[in-house]
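Fold and geometry: a report
Spelled out from the first residue to the last, the chains are:
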Amino acid sequence: MAVVSPSTGALAFRVVAIAEACSWAGLLIGMFFKYVVVFDDIGVKVFGPVHGALFVAYVVVTLVVARTFRWRLPVTLIALVASIPPLATLWFERRAHRQGMLAEPVAVA
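Residues numbered from 1 in each chain as written. Predicted model: local features only at pLDDT ≥ 70, side-chain atom pairs only at ≥ 80, totals over all residues. Heavy atoms only, no water.

1. Details of the pattern of salt bridges
Inspection of every chain in the model, using the stated rule, returns 3 salt bridges. In this structure, the salt-bridge partner of Arg94 is Glu93, at a minimum N-O distance of 3.8 Å. By relative accessible area, which is 3% here, Glu93 ends up buried. Taken together, the shared-partner salt bridges connect Arg14, Glu93 and Arg94 into one network. (Salt bridge = Lys/Arg side-chain N within 4 Å of Asp/Glu carboxyl O. Buried < 20%, exposed > 50% of the residue type's maximum accessible area, 1.4 Å probe, protein only.)

Quick look at the structure:
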């Protein structure tokens, strides 16, 4: 039984994957400014909590979508591991979309 509708799950996964990657980029830029340019940690103070919240959201949405689309365990683990390296959620979301892992199942008559 699906937890959410496939179209809602696919859209939520796409939005959260992109947002998580953007927050990673913001955090990396903030860290660059903190340690290299101005030695001010405002970027880290802003993007740190934002990235943390989006990281947790990505993990939760990934687990819900994995159940909705009945992903095998290895696929689900790859999706979860993609949340760790910077911008890897973008790669996984594109891969999942291309391979039809986020497509609604076709009804058989």
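2. Brief notes about the environment of Asp41
Here Asp41 lies in the loop between α1 (6-37) and α2 (42-68). Separated by 10 residues in sequence, Asp41 and Met31 place their C-alpha atoms 7.4 Å apart. (Helix = DSSP H or I, 4+ residues; strand = E, 2+ residues; numbered from the N terminus.)

3. Topic: the UniProt feature "transmembrane region" (unreviewed entry) in the protein chain
The UniProt record annotates "transmembrane region" (unreviewed entry) at residues 12-34, 46-65 and 71-92. Regarding residues 46-65, the helix share stands at 100% and the strand share at 0%, and the terminal C-alpha atoms are separated by 29 Å. For residues 71-92, helix accounts for 64% and strand for 0%, while the C-alpha atoms at its two ends are 13 Å apart. (UniProt positions renumbered as here; feature names shortened; annotations may be inferred.)

4. Looking at the packing of α2 against helix α3 (residues 73-81)
Contact geometry for α2 and α3: axes closest at 10 Å, N-to-C directions at 165°. Taken as axis vectors, α2 and α3 run roughly antiparallel relative to one another. Seen from above, α2 lies across α3 with right-handed handedness. In this structure, α2 contributes Tyr58, Val59, Thr62, Leu63 and Ala66 to the contact, and α3 contributes Thr76, Ala79 and Leu80. For the contact of α2 with α3, the residue count by class is 6 nonpolar, 2 polar and no charged. (Axes fitted to C-alpha atoms, helices over the stretch in contact; angles between N-to-C directions. Parallel < 35°, antiparallel > 145°, perpendicular 65-115°, else oblique. Left-handed = near helix turned anticlockwise from the far one by under 90°. Contact = heavy atoms within 4.5 Å. Nonpolar A, V, L, I, M, F, W, Y, C, P; charged D, E, K, R; others polar.)

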